[in-house]
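Below are the chains, spelled out letter by letter.
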Amino acid sequence: MSLNSQNAMEHKLVFALSGGGSRGSLQVGALYALLEYGLEPDLLIGASIGAVNAAFLALNGFTSAGLDQLTEAWRAASEADLMSANYIWLAVRALFKRSSNDPSTRLRDFFIQRGLTPELTFADVTHPSLVLVSADLNAGKPILYGTNPADKILNALMLSTRLPPWFMPVVEQDRYLVDGAIVSNLPIEPALTLGATQIVALDLIDSRELSEEGDGVRGFLNRLVYSVERRQLQLELELAEARGVPVLYIGLGVEASVPIWDFSQTNDLIVRGYDTACHVIESQHDSNSILSKQPLHEKRTIFRRLFG
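Parameters at a glance
- Residues numbered from 1 in each chain as written.
- Predicted model: local features only at pLDDT ≥ 70, side-chain atom pairs only at ≥ 80, totals over all residues.
- Heavy atoms only, no water.
- Helix = DSSP H or I, 4+ residues; strand = E, 2+ residues; numbered from the N terminus.
- Buried < 20%, exposed > 50% of the residue type's maximum accessible area, 1.4 Å probe, protein only.
- Contact = heavy atoms within 4.5 Å.
- Patch = residues over 30% accessible without salt bridge, like charges linked within 9 Å, V, L, I, M, F, W, Y side chains within 5 Å.
- Areas by Shrake-Rupley, 256 points an atom, 1.4 Å probe, with all protein chains shown as cover.
- Salt bridge = Lys/Arg side-chain N within 4 Å of Asp/Glu carboxyl O.
- Pairing = 2+ DSSP bridges.
- Right-handed = clockwise from strand over helix to strand, strands pointing away.
- Expected span 1.5 Å × (residues − 1).
- Core = buried A, V, L, I, M, F, W, Y, C linked by side-chain atoms within 4.5 Å.

Some words on the overall build of the protein chain
Across its full length, the protein chain holds 13 helices and 8 strands. Here the protein chain holds 308 residues, and 50% of them are scored as buried. In the protein chain, 79% of the contacts between residues at least 6 apart in sequence involve partners at least 24 apart.

Below you can see the structure in the form of structure tokens.
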């Protein structure tokens, strides 16, 4: 039976994880908070770095041990130089087809070393279930991997993280596939398509970095991306509201700019994500239907084992 035919019966609470590069460690802290509070997803859906977090959790389980393994993967990523800071030079080399190797090979090897082996399929992860989002620029729509249990998780993850100029698009038949965040950065609409009746949305978009970009080409492009993502998010939240599906939205921001390729602040961002999620949970406990059925009391023991 396919995921689509099962979703009405099995998939109610969906965790939707956005893209955002190195800021994805904020989601790790937020996930600790959600686990301590007693919210456990039936389905994880992610785009870009959110897909990475979702895939690792689906593989290792949404448990304290699974989150500990995800934390260790993030700490290893901070030493692995997975994304170059010189993205302008990468773009120029890609434009003139001067790249001598595929940078995605390093990323793929990193995933394999941590258990996401090439033979692993979506049928191998069942609780929570997993869906990863890529984008087809020919069709202008998200592509959902995991609705077919035979899909390979590693292949889907590599497509969901194809963010130019670091990782170039892939052409498959009539599809032009890139990073899933380009068409659905915080995949609320795909979660609705899969039958979500409740959604916890972990959003990594942060507008404060835009003030540092100036008025040149770089500033224009960053503002353009931000504006498109904000409009996407607004429309997807409105769609959830129109369908009567409650959303617990957790905006995971930072005080200062964190470039998407800079993984050196992982530990600080995990703590920040945890604190932010705890604040949202506490402040919305009486007003958000996803939270109101859960008792609110001190549970901060899981996270404090690692971070004090």
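Notes on a nonpolar patch on the surface
Judged by side-chain polarity, Val-217, Phe-220, Leu-221, Leu-224 and Val-228 come together as a nonpolar surface patch covering roughly 480 Å² of accessible area. Residue placement: Val-228 occurs in helix α10 (residues 217–242).

Observations concerning the pairing of strand β7 (residues 198–203)
Within β7, 5 of the 6 residues are buried, which leaves it mostly tucked inside the rest of the structure. Here strand β1 (residues 13–17) runs beside β7; their pairing, made up of 5 bridges, is parallel. Each residue of the ladder has a partner; that of Ala-16, found in β7, is Ala-201. Pairing between β7 and strand β8 (residues 247–251): 5 bridges, direction parallel. Each bridged residue has a counterpart across the sheet, and for Leu-202 the counterpart in β8 is Ile-250.

Some details on the pattern of salt bridges
A full pass over the atoms with the stated rule returns 2 salt bridges. Note that Glu-72 is salt-bridged to Arg-75, the shortest N-O span being 2.8 Å. Residue Glu-72 and its partner Arg-75 are both found in helix α4 (residues 64–77); the two are separated by 3 residues, about one turn of the helix. For Glu-72, a relative accessible area of 44% translates into the label partly exposed. You can call Arg-75 partly exposed: its relative accessible area is 25%. Salt-bridge contacts for Arg-230 lead to Asp-203; the nearest nitrogen and oxygen are separated by 2.7 Å. Of this pair, Arg-230 sits in helix α10 while Asp-203 sits in strand β7, and the two are 27 residues apart along the sequence.

Regarding the pairing of strand β2 (residues 43–47)
A large share of β2 lies buried, amounting to 5 of its 5 residues. Residues Leu-43, Ile-45 and Ala-47 point to one face of β2 and Leu-44 and Gly-46 to the other, with burial holding for every one of them. Bridging between β1 and β2 involves 4 bridges; their strand directions are parallel. Directly across from Ala-16, in β2, lies its bridge partner Ile-45. Crossover handedness for the path β1 to helix α2 (residues 25–37) to β2: right-handed. In the sheet, β2 pairs with strand β3 (residues 129–136) via 5 bridges, with the strands oriented parallel. From the neighbouring strand, Leu-44 faces β3, where its bridge partner is Leu-130.

A closer look at α4
Under the 1.5 Å per step criterion, the end-to-end length of α4 is 20 Å for 14 residues, consistent within 8% with the ideal 20 Å. Listed as buried for α4 are Gly-66, Leu-67, Asp-68, Leu-70, Thr-71, Ala-73, Trp-74, Ala-76 and Ala-77.

Description of the nonpolar core
Formed by 67 residues in total, the largest nonpolar core has its most connected members in Phe-15, Leu-31, Leu-34, Leu-39, Phe-111, Leu-130 and Val-200. At 9 residues, the largest contribution of residues to this core is made by α2. Leu-186, Ala-191, Leu-233 and Ala-240 belong to the second-largest nonpolar core, a separate cluster that totals 20 residues.

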